[in-house]
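Letter by letter, the chains look like this.
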Amino acid sequence: MNRPWSGGVLVWYVAYGSNLHAARLACYLSGGRPDGAARTHPGCRDRRPPRRSVATALAGTLYFAGRSPTWGGGSAFYDPACEPSALGEVPCRAYLLTAGQFADIAAQEMHRSPGTDLDLTRVLADGHAELGPGRYETLLHVGDLDGHPLLTFTAPDGVAGAELAAPCAPYLRTLAAGLAESHAWGPWRTAGYLATRPGAAGHWTAAAVAALPGITPMAQQEAARKAV
C-alpha cells in the first residue's frame with residue numbers, strides 16, 4: 001500500500017514549530033543535535049536538503065502542550081479547528097521534500113527510527129488521517145502548491161483536549177529564528193506572537209521572549225529586560 005509514496009514522489013512539508021528554522025530541520029534531514037536541544041537525531045534515509053522552501057500561513061492556531069524529550073517544556077502543535085479570529089493565522093514554512101523524507105521526519109518527531117514509508121492515500125482523499133494516538137501522528141492535507149500536496153502533522157485532540165504547557169527558552173529561540181528567517185518578522189512581532197499562544201500565555205510575556213539572547217538586537221535587550 002505504501003509503495004506509491006516511496007522514492008522521489010514530492011510533497012510539501014508544512015512546518016509551524018521549530019522546523020520553521022532551516023538549521024533545525026537540517027538535523028532531521030542529515031542528522032544532528034539542534035542548538036539547545038537534548039537529543040541527537042539520526043537523520044533521513046535521503047539526506048538531501050529541501051528542493052525549495054516558501055513562506056505560507058494556515059488558519060487556526062499554534063499552541064504548546066505536553067513535554068518535549070528533545071527540548072523540555074511544551075511542544076508546538078497546530079489546531080486547524082480553533083477559532084482563528086482572536087489569535088490570527090499560523091505562520092508556516094513549506095519545504096518541498098520527497099514523501100520518504102516526510103515520513104522519516106514524522107518518525108523522528110515521534111522518537112522512532114526512520115525508514116518506513118507512509119501511505120498517504122487516506123490523508124490526500126479525506127484531508128485528515130490518524131495514524132495513531134501519538135502527538136504527531138495526525139496527518140493533515142492543508143492544500144496544494146505547484147501540483148504537490150501541502151502536508152503537516154499534529155496532535156489529535158487540539159487545544160481543547162491538550163495538556164497545555166509552557167515552552168522552554170531554547171525552543172522559543174529556535175521558533176523565533178525560524179520566523180525571522182522565513183517571514184522576516186522582527187523581534188517584537190515575534191515575541192508578541194509566541195507569548196500569546198495557548199500554553200505560553202500566562203507563563204511568558206512578550207518582553208521576556210524579546211529579552212532572550214539572539215532574539216532582540218543587543219541595543220534593545222536591556223530595555224526588554226527592564227520591562228519584564
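Just so we're clear, the structure is a prediction, and the values are computed from it rather than from any experiment.

> Could you give an account of the overall build of the chain, with specific residues and numbers?
If you tally the helices and strands in the chain, you get 8 helices and 8 strands. Here the analysis covers contacts within the chain between residues at least 6 apart in sequence; of these, 66% occur between residues at least 24 apart. Working note: accessible area of the chain is about 9,800 Å², and carbon and sulfur atoms make up 54% of it.

> With reference to specific residues and values, describe the packing of aromatic side chains.
Tallying each qualifying case throughout the model produces 11 aromatic pairs. Centroid distance Tyr-16 to Tyr-78: 5.9 Å. Interplanar angle 45 degrees. Geometry classified as tilted. Residue Tyr-16 is found in the loop between strand 1 (10–15) and helix 1 (22–30), and its partner Tyr-78 is found in strand 4 (residues 75–79); the two are separated by 62 residues along the sequence. Judged on exposure class, the residue Tyr-16 and its partner Tyr-78 are both buried. Centre to centre, the rings of Tyr-136 and Phe-153 are 5.9 Å apart; their planes meet at 70 degrees, and the pair counts as edge-to-face. On the criterion of sequence distance, the pair formed by Tyr-136 in the loop between strand 6 (128–130) and strand 7 (138–145) and Phe-153 in strand 8 (residues 148–154) is long-range, its members being 17 residues apart. The pair Tyr-136 / Phe-153 is uniform in exposure class, with both members buried. Connected via pairs of aromatic rings, a cluster forms that spans Tyr-13, Tyr-63, Phe-77, Tyr-95, Phe-102, Tyr-136 and Phe-153.

> So what's going on with the side chain of Ser-68? Residues and values would help.
Mapped onto the secondary structure, Ser-68 falls in the loop between strand 3 (61–65) and strand 4. What Ser-68 contacts, discounting residues up to four positions off in sequence, is Gly-73, Ser-75 and Arg-135.

> So what about the pairing of strand 5 (residues 90–98)? Which residues, and what values?
The two faces of the sheet receive side chains in turn, since in a regular strand these alternate between them. With 9 of 9 residues buried, strand 5 lies mostly within the body of the structure. The sheet contact formed by strand 1 and strand 5 spans 6 bridges and is antiparallel. Residue Val-14 lies in a different strand from strand 5, and its bridge partner there is Ala-94. Both strand 2 (residues 53–58) and strand 5 contribute to a ladder of 6 bridges, which runs antiparallel. Following the sheet pairing, Ala-55 is matched in strand 5 by Arg-93.

> Summarise the sheet that holds strand 7; cite the residues concerned and give the values.
Here we have 6 strands laid out as an open sheet, ordered 2-5-1-8-7-6, and mixed in their pairing. Edge positions in the sheet fall to strand 2 and strand 6, since each of these pairs with one other strand and no more. Averaged over all neighbouring strand pairs, the angle between strand axes comes to 35 degrees, with direction disregarded.

About the cut-offs
Residue numbering note: each chain is counted from 1, following its sequence as written. Whole-chain, interface and lining totals are the exception, using all residues; otherwise, since this is a predicted model, local features are given only for residues with pLDDT of at least 70 and side-chain atom pairs are given and counted only at 80 or more. Side-chain measures here rest on the full set of heavy atoms in the structure, leaving out hydrogens and waters. Secondary structure elements are taken from DSSP: a helix is a run of H or I of four residues or more, a strand is a run of E of two residues or more, and numbering for both begins at the N terminus. Contacts are assigned to residue pairs with any non-hydrogen atoms lying within 4.5 Å of each other. Note on areas: these come from Shrake-Rupley sampling with a 1.4 Å probe, and a residue is covered only by the protein chains present in the view. Centres within 6.5 Å make a pair out of two Phe, Tyr or Trp rings, where for Trp the six-membered ring is used; the pair is then stacked when the planes are under 30 degrees apart, edge-to-face when over 60, and tilted otherwise. Three labels apply to residues, based on accessible area from a 1.4 Å probe with only protein chains included: buried if under 20% of the type maximum, exposed if over 50%, partly exposed otherwise in between. One requirement defines pairing of two strands: DSSP has to find at least two bridges between them. Lines fitted to C-alpha atoms define the axes here, with helix axes fitted over just the stretch in contact, and angles between the N-to-C directions of these axes take values from 0 to 180 degrees.

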